[in-house]
Amino acid sequence: DDPSHKVRQWVYDFDKYTDSSFLKFTDKKTKENYIQLGSFDKTLTTTWGRVQKELDEMADRDLIEGFDEDYYKVMCASKFVLCPAGDAPWSMRMYEALMCKAIPIVMHKKETYRSHKEQKLGYKFYYANEEHVYREDWVEHNYNLFMNYHTYYGS
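Residues numbered from 1 in each chain as written. Predicted model: local features only at pLDDT ≥ 70, side-chain atom pairs only at ≥ 80, totals over all residues. Heavy atoms only, no water.

1. Considering the overall build of the protein chain
Okay, so step 1: Per the secondary structure count, the protein chain includes eight helices and three strands.
Okay, so step 2: A total of 155 residues make up the protein chain; the buried ones form 39% of that total.
Okay, so step 3: Taking contacts inside the protein chain between residues at least 6 apart in sequence as the whole, the part at least 24 apart equals 41%.
Okay, so step 4: Of the roughly 9,800 Å² of accessible surface on the protein chain, 51% is carried by carbon and sulfur atoms. (Helix = DSSP H or I, 4+ residues; strand = E, 2+ residues; numbered from the N terminus. Buried < 20%, exposed > 50% of the residue type's maximum accessible area, 1.4 Å probe, protein only. Contact = heavy atoms within 4.5 Å. Areas by Shrake-Rupley, 256 points an atom, 1.4 Å probe, with all protein chains shown as cover.)

Okay, structure coming up:
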């Protein structure tokens with residue numbers, strides 16, 4: 001059993017997907033014996049997407065270096081991004097969503113920070129079971145916090 005699969009089980013059960021949604025699991029283990037969840041599920045129909053821990057295990061670094069432009073194009077075109085925990089109580093998806101100006105959706109508050117200092121920053125997010133309303137003021141608030149606390153730009 002993969003512990004990251006257990007903490008993201010809610011993503012499979014998420015009931016707010018529409019035809020305009022985009023879902024893609026990128027890790028090899030999930031793709032084994034995977035059954036597509038709907039027309040929005042691109043897990044088996046797109047070839048891009050990287051999982052850092054799988055990349056770290058690869059011997060030929062020359063094949064994996066570079067920026068995954070397709071991944072970020074989709075994320076930057078999204079209004080909301082599901083941000084389940086990974087191997088830790090949080091995942092990099094939270095920070096990628098903030099950087100791409102999408103509103104994070106999580107199951108638990110602990111999925112929105114890595115430290116007590118970050119917990120106090122006040123990122124805006126939705127829980128999976130809430131109504132999700134796109135709010136430009138939340139997006140700008142989150143983006144400004146991200147730029148100020150997670151980049152050299154804000155320093």
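2. Observations concerning the environment of Tyr-17
Okay, so step 1: Topologically, Tyr-17 is positioned in the loop between α2 (9-13) and α3 (28-31).
Okay, so step 2: Judged by relative accessible area, which is 18%, Tyr-17 ranks as buried.
Okay, so step 3: Through-space distance from the C-alpha of Tyr-17 to that of Gly-38 is 8.7 Å; in sequence the pair is 21 residues apart.
Okay, so step 4: The contact partners of Tyr-17, leaving out residues within four places of it in the chain, are Val-11, Leu-23, Phe-40 and Leu-82.
Okay, so step 5: A polar contact is formed between the side chain of Tyr-17 and the backbone oxygen of Val-11, at a distance of 2.7 Å. (Polar contact = N/O pair within 3.5 Å; in protein donor to acceptor, adjacent residues only side chain to side chain.)

3. Re the sheet that holds strand β1 (residues 80-82)
Okay, so step 1: The three strands lie next to each other as β1-β2-β3, forming an open sheet whose pairing is parallel. Of all the strands in the sheet, just β1 and β3 (126-127) have a single pairing partner and so form its edges.
Okay, so step 2: Of the strand pairs in this sheet, strand β2 (residues 103-106) and β3 are connected by two bridges, and their pairing is parallel. When the bridges of β3 are listed, Val-106 appears paired with Tyr-127. (Pairing = 2+ DSSP bridges.)

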